[in-house]
Amino acid sequence: MNHSDASSTDLVLADGSKLPKVGLGFWKIPGDQCDQVVSTAIDLGYRHFDCACDYGNEAEIGAAMSKQFSSGSINRDELWVTSKLWNTYHRREHVRLAVEKTLRDLQLDYLDLYHIHFPISLEFVPFEDRYPPAWFFDPDAESPAMKPVQVPIRETWAAMEELVDAGLVRHIGICNFGVSLIRDLISDCRIRPSVLQVELHPYLTQNHLVRYAESENIAVTAFSPLGAKSYQPLGMAEASDSVLDHSVVQRIAEETGRSTAQVVLRWGVQRGTAVIPKSQQAAHLADNLNLFDFELTESQMESISGLDQHRRFNDPAVFCEAAFNTYYPIFD
């Protein structure tokens, strides 16, 4: 595993661009809290914001960022802003429409990174009918369900490449892809993915996937880097699933004089990935960013990696069937 040094705060991408190793994830942050969260995060030093159409708060994030730009507290080129193409916009003719909608909402001229959110293609839902469209094709149907459609990844990716050509996005990437899908994609693409974003935490280390991405010079961003915490309110994890409560993590927190969250996030950046924890609390936002003035020993790193349970909290095979009446596995 490519362990990085303690002081480096950026991942260097294949083209030399720098992706801040710690970003702020906006999943589940209520729209009415985005103004305060964005302001606080920028003041604390966050320069990497991870957004998505599906989160339903891009317009509020955009208004908050615009206010910061206007005040002179930060310039656009100092921020790395990521967003994601939703499942209903995979057809070639919908990809540019989707990113243009996101850019309008975020009040930006370009994105630093645009991901395919899932390797899941669903029937198009017009913006005027419902936005964001979420998972159901028709939520008002007697038995609402997802409506999968057959769209080749290469069709979607070719349209993503055209966004780079048009200057709408600087980099394109992929979320929730496994090795086989990535290998197939890069065998037939003009612009390679810059970043892979997947669920990564000590209970799901995904060593083979991370190592493979590194071998292809694809940077890796870990979503849900603290594990179960984000999923407990959704009924997708139990309190007992928390890696922060594990005795190994608590021991290392005592040894380092850091919080358990800082230990887990430091493990994430030290193994060579970016992390995008989420918080609305200023104290937690500050702690989550404060990871570069200490280093875990090789023994501590190995102890945390040894907690791997192959425990995936964000699995469409589970939640799509439970919540959206559609069985849709994407992981082997």
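The structure displayed is predicted, hence computed values, not measured ones.

Calculation rules
Residues numbered from 1 in each chain as written. Predicted model: local features only at pLDDT ≥ 70, side-chain atom pairs only at ≥ 80, totals over all residues. Heavy atoms only, no water. Axes fitted to C-alpha atoms, helices over the stretch in contact; angles between N-to-C directions. Helix = DSSP H or I, 4+ residues; strand = E, 2+ residues; numbered from the N terminus. Parallel < 35°, antiparallel > 145°, perpendicular 65-115°, else oblique. Contact = heavy atoms within 4.5 Å. Nonpolar A, V, L, I, M, F, W, Y, C, P; charged D, E, K, R; others polar. Phe/Tyr/Trp six-rings, centres within 6.5 Å; stacked < 30°, edge-to-face > 60°. Buried < 20%, exposed > 50% of the residue type's maximum accessible area, 1.4 Å probe, protein only. Lys NZ or Arg CZ within 6 Å of the ring centre and 35° of its normal. Pairing = 2+ DSSP bridges.

S.K.: Quick one: what's the story with the packing of helix H7 (residues 247-256) against helix H8 (residues 260-270), residue by residue and with numbers?
M.R.: It is the contact of H7 with H8, at a shortest axis distance of 8 Å, that shows an interaxial angle of 95°. Here H7 is positioned roughly perpendicular relative to H8, judged by the angle of their axes. Here H7 contributes Val249, Gln250, Ile252, Ala253 and Thr256 to the contact with H8, which in turn contributes Thr260, Val263 and Val264. For the contact of H7 with H8, the residue count by class is 5 nonpolar, 3 polar and no charged.

S.K.: Can you break down the packing of aromatic side chains residue by residue, with the values?
M.R.: In this structure the tally under the stated criterion is 12 aromatic pairs. With 5.4 Å between their ring centres and 80° between their planes, phenylalanine 26 and phenylalanine 49 make a pair best called edge-to-face. You can see phenylalanine 26 sitting in the loop between strand S3 (24-25) and helix H1 (34-44) and its partner phenylalanine 49 sitting in strand S4 (residues 48-50), a full 23 residues away along the chain. The same class applies to phenylalanine 26 as to phenylalanine 49, namely buried. Ring centres of phenylalanine 136 and phenylalanine 324 lie 5.3 Å apart, and the angle between their planes is 85°; this geometry places the pair in the edge-to-face category. Note that phenylalanine 136 is positioned in the loop between strand S6 (111-116) and helix H4 (153-165) and phenylalanine 324 in helix H11 (residues 316-324), a separation of 188 residues in sequence. Considered together, phenylalanine 136 and phenylalanine 324 belong to a single accessibility category, that of buried residues. Following the ring pairs from residue to residue traces out a cluster consisting of Trp86, Phe118, Trp135, Phe136, Phe319 and Phe324. Across from the ring centre of tyrosine 131, 4.7 Å away, lies the NZ or CZ of lysine 101, which sits over that ring. In this structure, arginine 312 is placed above the aromatic ring of phenylalanine 331, and the distance from its NZ or CZ to the ring centre is 3.6 Å.

S.K.: Now, about the sheet that holds strand S8 (residues 195-199): what can you tell me, with residues and values included?
M.R.: Within the open sheet, the 8 strands sit side by side as S3-S4-S5-S6-S7-S8-S9-S10. Their pairing is parallel. Each of the sheet's edge strands pairs with one partner strand only, and the pair in question is S3 and strand S10 (274-275). With 5 bridges connecting them, S8 and strand S9 (residues 219-223) associate as parallel partners. Paired with glutamine 197 across the strands is threonine 221, a residue of S9.

S.K.: With reference to specific residues and values, describe unusual backbone geometry.
M.R.: In this structure, the amide linkage connecting tyrosine 131 to the following residue, proline 132, adopts the cis form with an omega of -10°. Within the secondary structure, proline 132 sits in the loop between S6 and H4. Although it is not a glycine, glutamine 206 adopts a positive phi angle of roughly 50°. Take glutamine 206: it is sitting in the loop between S8 and helix H6 (207-215).

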